[in-house]
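Structural description and commentary
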Amino acid sequence: MNKGTRWGAKQLRFAVPAVIVAAALGLAACGSSSSSSPTTTAASSTKNASLAVIAPPTSSVALSETGSSLLFPLFGSWGTAYTEQHPNITISTASTGSGVGISSALAGTANIGASDAYLSPAQVQATPSAMNIPLAISSQFIGYNVPGVTGNINLSGSVLSQIYQGKITNWNDPAIAKMNPKLTLPNLPIVTVHRADGSGDTFLFSEFLSAADPNGWGKSIPYGTTIAWPTVTGAVGATGNSGMITACKAAPGCIAYIGISYLAKAQLAGIGEAALKNAAGNYELPTATTMTAAANSFVNSTPKSGTLSMINTKASNGYPIINYEYAIVLGTQPNATTAQAVKSVLSWIISPTNGNASTYLTPVGFIALPAKTAQIAANQIASIH
Amino acid sequence: MTVLRTAAEPEQPASPGSPGGFAAVRGFLRKHETTFWRRGTLVAAIVPFVGLTFTIIVIAIKGWPAIRVNGTYFFTGSSWNPGSTYGATTTVKGVAVPQGASYGAWPLILGTIQSSVIALLIAIPISIGAALALTERLPKIVARPVGFAVELLAGIPSVLFGLWGILTVGPLLARDVYPKISSAMPNVPILNFFKGPTGQGEGLLTSGIILAIMVIPIITATTVDLFRQVPPLNQEGARALGMTDAEVTRSVTVPWVRSGIIGASILGLGRALGETIAIAMISGAILGHTAQNIYSPMTTIAATIVSQLDSSFTDATGFATATLAEAALVLAVISVVVNLLARLIVNKGNRLGVPTGK
């Protein structure tokens, strides 16, 4: 064997600088994330923007959307329909989760981030040009697998809070029986199921528990897309809405919070849908009527930023858990053409005759934005540049 | 057009794809073969090393704020509380942190170790048995397809095992097996870990069993190769002394490759420690406390990193992501320590009185 084909000290001398280079690369990669100069955006004009669909640029633009898995199917059909009308604009969509949607949009790696949750004050502070633009209204239902029970079980936020804290542990608990005089609930331990991954649904559900049980849950557990769940015997974490359905189906006695788009799939799996007690004391199911009633009660309080929690409506026939689905967008886009394309797509989405038409929203259980909120969204969209 | 060129001829620009171009490239390669050999192997040797260094450095730096703030609580504490990501931010030791955030990874660390140990306890005897059957017992016509099946098992993506576990294995065990084990176990220390509520089949024992199935092909394949290396002379000699097949296996074949089997098991342990998606699906994914009994839902470091990554991005301070980096670093350290231990055991095993026959 030729001795020259093996490494001598000479070759190994190159290895040492190579490792140092690698280390330097590692340091550089970490350092780059800290610098983000604050950019100021022009305050949105006091005049209301037109609600008409904004014309796209004439050149070809490829936009990217990423984020919420709940919005993903809807964004897919929106993108296809929009590109049919405007073939020079293509939209790639990805189901990565609201957290990735927010961070990708804020970092500028995606043009549109889809999120079930609005931006936190700290995020807005870190990226002042970021906007959360309402696109549609979604909801969440409370599912359960209680064999032998037909009809909807009535539940309240404070009972759910106690269930998820392990204080109510059986379906025959007097607190549940009291609000269900017509049902005979079995002696069956409750299995609480929650999302193990970060989720807009956890955000909504924990907001609801905090609002409905302000002195218990509200004081001890801050809401968010992941929360510190109290220790409950037999509790199960599941990944994704599909995982919630699978876990609930497998566990008689389960209770779970699931995005409204999955209602049909959950019913196929034999999972029941709870009627939730609203602030007026009525038990309501999430239907287009109860969601609209709830949405209308929040229209006047929706701020110009679109940031609003729509939990625990005061409307007497409103469903207590609804939310705006958001597009997270930077107010300052890399160039005018991209800005024009983003504005065009978003204005098409909030248009009641296009993206907000029932042909798109009804299959996923969403409802359209009320006219006043659509106007707020249109003003936000108009300010993108 | 065919142009023959010698390596000594000066380089001429040739259109790629033409026969002349190929010949030129071939000539160039041949001329500098030794250089390519030296530099190519050097690069190939450096890439894995650089990759490891780079990864460790990046996660260490990303995790540094979390290491400082979480302190020793990370290794002893149980609460996994992201804090108020939509509320106020406080500053702890110069690091911006959401109010109320506190991360204790003890349940994750313990869950990782518990599920891996269960997996090995199940997998090692089965793997050795399978390897013995394949090399010593089964006729070739059966051994070949069985061996092939074992190798195929190693190539199945783990998400399939996860799906199988959550849809079939977990519910089946929870319905028909776990309640029987639970009621049969005496209430004494250690064994009472097998008592108590058996749940719905998502939990520690199910994770261990699924991990075992994933680990078996790794240990089996390596052990088969080891058994094939045992010199037949020693085995035949033992038989000639009147030993039964079982005695030959116990006192000649297995001792001959004992350290190799330990090495193979550590390979399997490495797989079990780092397995992510299957565990995320079947562990029950419970943060905040350790498993109360062997059936309880739990989680591991790897499964937590994948399930918490998305929501960590909603923490504007970046502290949640830093904490996941710290968890990743802990996992890396556990893996390295396990590998070093394995090397120690293997080396020690070689020095002890294992017949070497060289």
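These figures come from a predicted structure and were not determined experimentally.

1. What to know about the overall build of chain A
Scanning chain A from terminus to terminus reveals 14 helices and 13 strands. Every one of the 385 residues in chain A was classed for burial, and the buried ones make up 57%. Looking at chain A alone, contacts between residues at least 24 apart form 75% of all its contacts between residues at least 6 apart. As displayed, chain A has an accessible area near 15,500 Å², and 58% of this comes from carbon and sulfur atoms.

2. Focus: the overall build of chain B
Regarding its fold elements, chain B presents 13 helices and four strands. In summary, chain B has a C-alpha radius of gyration of 27 Å against a globular reference of 21 Å for 358 residues, an excess of more than 25%. Dimensions along the principal axes, computed over C-alpha positions, put chain B at roughly 80 × 70 × 40 Å. A buried classification covers 42% of the 358 residues belonging to chain B. At a minimum sequence separation of 6, the contacts of chain B that also span at least 24 residues come to 75%. Total accessible area computed for chain B in this model is approximately 18,300 Å², and 68% of it derives from carbon and sulfur atoms. Between the averaged position of the 24 positive side-chain charges in chain B and that of its 15 negative side-chain charges there is a distance of 6 Å.

3. Quick word on the pairing of strand 2 (residues 89-95) of chain A
Every other side chain in a regular strand lies on the same face of the sheet, so the side chains alternate between the two faces. Residue and element names in this part refer to chain A. Alignment of strand 1 (residues 61-67) against strand 2, held across seven bridges, turns out to be parallel. Paired with Thr 66 across the two strands is Ala 94, which belongs to strand 2. Traced from strand 1 through helix 2 (residues 72-85) to strand 2, the parallel crossover comes out right-handed.

4. Some details on the packing of helix 6 (residues 158-184) of chain B against helix 7 (residues 204-229) of chain B
Residue and element names in this part refer to chain B. Taken N-terminus to C-terminus, the directions of helix 6 and helix 7 make an angle of 130°; their axes are 9 Å apart at the nearest point. As the angle between them shows, helix 6 and helix 7 are arranged oblique. Of the two elements, helix 6 crosses helix 7, and the hand of that crossing is right-handed. Residues Ser 158, Phe 161, Trp 164, Gly 165, Val 169, Gly 170, Leu 173 and Tyr 178 of helix 6 pack against Leu 205, Thr 206, Ile 209, Ile 210, Ile 213 and Met 214 of helix 7.

5. So, the nonpolar core
All names here are of chain A. Core analysis: the largest hydrophobic core is formed by 111 residues, its most contacted members being Trp 78, Ile 142, Leu 155, Ile 176 and Leu 346. The biggest single contributor to this core is strand 4 (residues 130-144), with nine residues. Leaving out residues up to four positions away in the same chain, Ile 142 has contacts with Leu 155, Leu 160, Phe 205, Ile 255, Ala 256, Tyr 257, Gly 272, Glu 273, Ala 274, Leu 276, Tyr 319 and Ile 321.

6. A closer look at helix 5 (residues 157-164) of chain A
Here helix 5 of chain A lies mainly inside the structure; six of its eight residues are buried. The first or second residue beyond helix 5 of chain A is Gly166(A), which carries a positive phi of 80°.

7. A word on the pairing of strand 3 (residues 112-115) of chain A
All names here are of chain A. Residues Ile 112 and Ala 114 of strand 3 are buried on one face, and the alternating residues Gly 113 and Ser 115, pointing to the opposite face, are buried as well. Sheet topology note: the strand 1/strand 3 ladder contains three bridges and is parallel. Note on strand 3: the bridge partner recorded for Thr 66 is Gly 113. Where strand 3 lies against strand 13 (residues 321-330), three bridges are found, and the strand directions are antiparallel. By the bridge assignment for strand 13, Ala 114 is matched with Ala 327.

8. What about the interface of chain B and chain A?
At the junction of the two partners, chain B supplies 41 residues and chain A supplies 53 residues. Approximately 3,900 Å² of surface area, both sides summed, lies buried where chain B meets chain A, with 66% of it carried by carbon and sulfur atoms. Per-residue buried area on chain B facing chain A is highest for Tyr86(B), Gln200(B) and Asp310(B); these three make up 19% of the total on that side. Linking chain B with chain A are zero salt bridges, by the criterion used here.

9. Things to note about the state of the cysteines
Residue and element names in this part refer to chain A. Per the stated rule, a full pass over the model turns up one disulfide over all chains. Sulfur-sulfur distance for the disulfide between Cys 248 and Cys 254 comes to 1.7 Å. Torsion about the S-S bond of the Cys 248 and Cys 254 cystine: about 65°, corresponding to right-handed handedness.

10. Description of the pattern of salt bridges
Counted by the stated rule, this structure contains six salt bridges over all chains. A salt bridge links Arg195(A) to Asp201(A), with the shortest nitrogen-to-oxygen separation between them at 3.7 Å. Each member of the pair, Arg195(A) as well as Asp201(A), is classed as buried. Here Arg137(B) and Asp245(B) are joined by a salt bridge, their closest N and O atoms 3.5 Å apart. Of this pair, Arg137(B) sits in helix 4 (residues 106-137) while Asp245(B) sits in helix 9 (residues 245-256), placing them 108 residues apart in sequence. By relative accessible area, which is 61% here, Arg137(B) ends up exposed.

11. Quick look at the side chain of Ser265(B)
Residues and elements named next belong to chain B. Along the chain, Ser 265 turns up in helix 10 (residues 258-274). On the basis of relative accessible area, Ser 265 is assigned to the buried category, the value being 6%. Excluding residues that lie within four positions of it along the chain, Ser 265 makes contacts with Leu 120, Ile 124 and Ile 219.

12. Brief notes about a nonpolar patch on the surface
Residues and elements named next belong to chain B. A contiguous nonpolar surface patch, about 360 Å² in accessible area, is contributed by Ile 156, Val 159, Leu 160, Ile 277 and Val 306. Assignment of secondary structure puts Val 306 in helix 12 (residues 301-312). By relative accessible area, Val 306 is classed as partly exposed at 42%.

13. Digging into the confidence of the model for chain B
Any segment with low pLDDT has predicted coordinates that should not be analysed in fine detail. Residue and element names in this part refer to chain B. Averaged over chain B, the pLDDT score is 86; the fraction of residues at 70 or greater is 91%. In the model, residues 5-10 has pLDDT below 50 throughout and makes five contacts with residues more than four positions away in sequence or in other chains. For this predicted complex, the interface confidence score (ipTM) comes to 0.72, while the overall pTM stands at 0.79.

14. A word on the environment of Thr300(B)
All names here are of chain B. Locating Thr 300 in the fold gives a position in the loop between helix 11 (277-282) and helix 12. Sequence separation between Thr 300 and Ser 116 is 184 residues; the distance between their C-alpha atoms is 9.7 Å. In this view, Thr 300 contacts Leu 108, Gly 111, Thr 112, Ser 115, Glu 275 and Ile 279; residues no more than four positions away in its chain are not counted. In this structure the side chain of Thr 300 is engaged in a polar contact, spanning 3.3 Å, whose partner is the backbone nitrogen of Ala 303.

15. Overview of the sheet that holds strand 11 (residues 283-284) of chain A
Strand pairing within a sheet occurs via backbone hydrogen bonds; the two strands may be parallel or antiparallel. Residue and element names in this part refer to chain A. The strand order across the open sheet built from three strands is 5-10-11, with neighbouring strands paired in mixed fashion. Single-partner strands in this sheet number two, and they are strand 5 (154-155) and strand 11. Relative to strand 11, strand 10 (residues 275-277) runs antiparallel, the two being bridged by two bridges. Paired with Lys 277 across the strands is Tyr 283, a residue of strand 11.

16. Regarding the side chain of Gln380(A)
Residues and elements named next belong to chain A. With respect to the helices, strands and loops of the structure, Gln 380 is situated in helix 14 (residues 371-382). Judged by its relative accessible area of 5%, Gln 380 is buried. A polar contact is formed between the side chain of Gln 380 and the backbone oxygen of Asn 132, at a distance of 3.1 Å.

17. Digging into the packing of helix 7 of chain B against helix 10 of chain B
Residues and elements named next belong to chain B. Axis separation between helix 7 and helix 10 bottoms out at 9 Å; the angle between their running directions is 155°. Of the possible angle classes, the one that applies to helix 7 and helix 10 is roughly antiparallel. In terms of crossing hand, the pair formed by helix 7 and helix 10 is right-handed. Residues Leu 211, Met 214, Val 215, Ile 218, Ile 219, Thr 222, Thr 223, Leu 226 and Phe 227 of helix 7 form the contact with helix 10, whose participating residues are Gly 260, Ile 261, Ala 264, Ser 265, Leu 267, Gly 268, Arg 271 and Ala 272. Class assignment for the residues of the contact of helix 7 with helix 10 results in eleven nonpolar, five polar and one charged.

18. Section: the packing of aromatic side chains
Aromatic ring pairs are described here by two measures, namely the spacing of the ring centres and the angle between the planes. Residue and element names in this part refer to chain A. This structure, assessed with the given rule, holds 22 aromatic pairs over all chains. Geometrically, the ring pair formed by Trp 348 and Tyr 360 is edge-to-face, given 5.7 Å between the ring centres and 65° between the ring planes. In this pair, Trp 348 sits in helix 12 (residues 336-350) while Tyr 360 sits in helix 13 (residues 358-361), placing the two residues twelve residues apart along the sequence.

What counts as what
- Residues numbered from 1 in each chain as written.
- Chains lettered and ligands numbered in written order.
- Predicted model: local features only at pLDDT ≥ 70, side-chain atom pairs only at ≥ 80, totals over all residues.
- Heavy atoms only, no water.
- Helix = DSSP H or I, 4+ residues; strand = E, 2+ residues; numbered from the N terminus.
- Buried < 20%, exposed > 50% of the residue type's maximum accessible area, 1.4 Å probe, protein only.
- Contact = heavy atoms within 4.5 Å.
- Areas by Shrake-Rupley, 256 points an atom, 1.4 Å probe, with all protein chains shown as cover.
- Rg over C-alpha atoms; globule rule 2.2 N^0.38 Å.
- Lys, Arg positive; Asp, Glu negative; His and termini not counted.
- Charge placed at Lys NZ, Arg CZ, Asp CG, Glu CD.
- Pairing = 2+ DSSP bridges.
- Right-handed = clockwise from strand over helix to strand, strands pointing away.
- Axes fitted to C-alpha atoms, helices over the stretch in contact; angles between N-to-C directions.
- Parallel < 35°, antiparallel > 145°, perpendicular 65-115°, else oblique.
- Left-handed = near helix turned anticlockwise from the far one by under 90°.
- Core = buried A, V, L, I, M, F, W, Y, C linked by side-chain atoms within 4.5 Å.
- Buried area = accessible area lost by both parts, 1.4 Å probe.
- Salt bridge = Lys/Arg side-chain N within 4 Å of Asp/Glu carboxyl O.
- Disulfide = S-S within 2.5 Å.
- Patch = residues over 30% accessible without salt bridge, like charges linked within 9 Å, V, L, I, M, F, W, Y side chains within 5 Å.
- pLDDT = per-residue confidence, 0-100.
- Polar contact = N/O pair within 3.5 Å; in protein donor to acceptor, adjacent residues only side chain to side chain.
- Nonpolar A, V, L, I, M, F, W, Y, C, P; charged D, E, K, R; others polar.
- Phe/Tyr/Trp six-rings, centres within 6.5 Å; stacked < 30°, edge-to-face > 60°.

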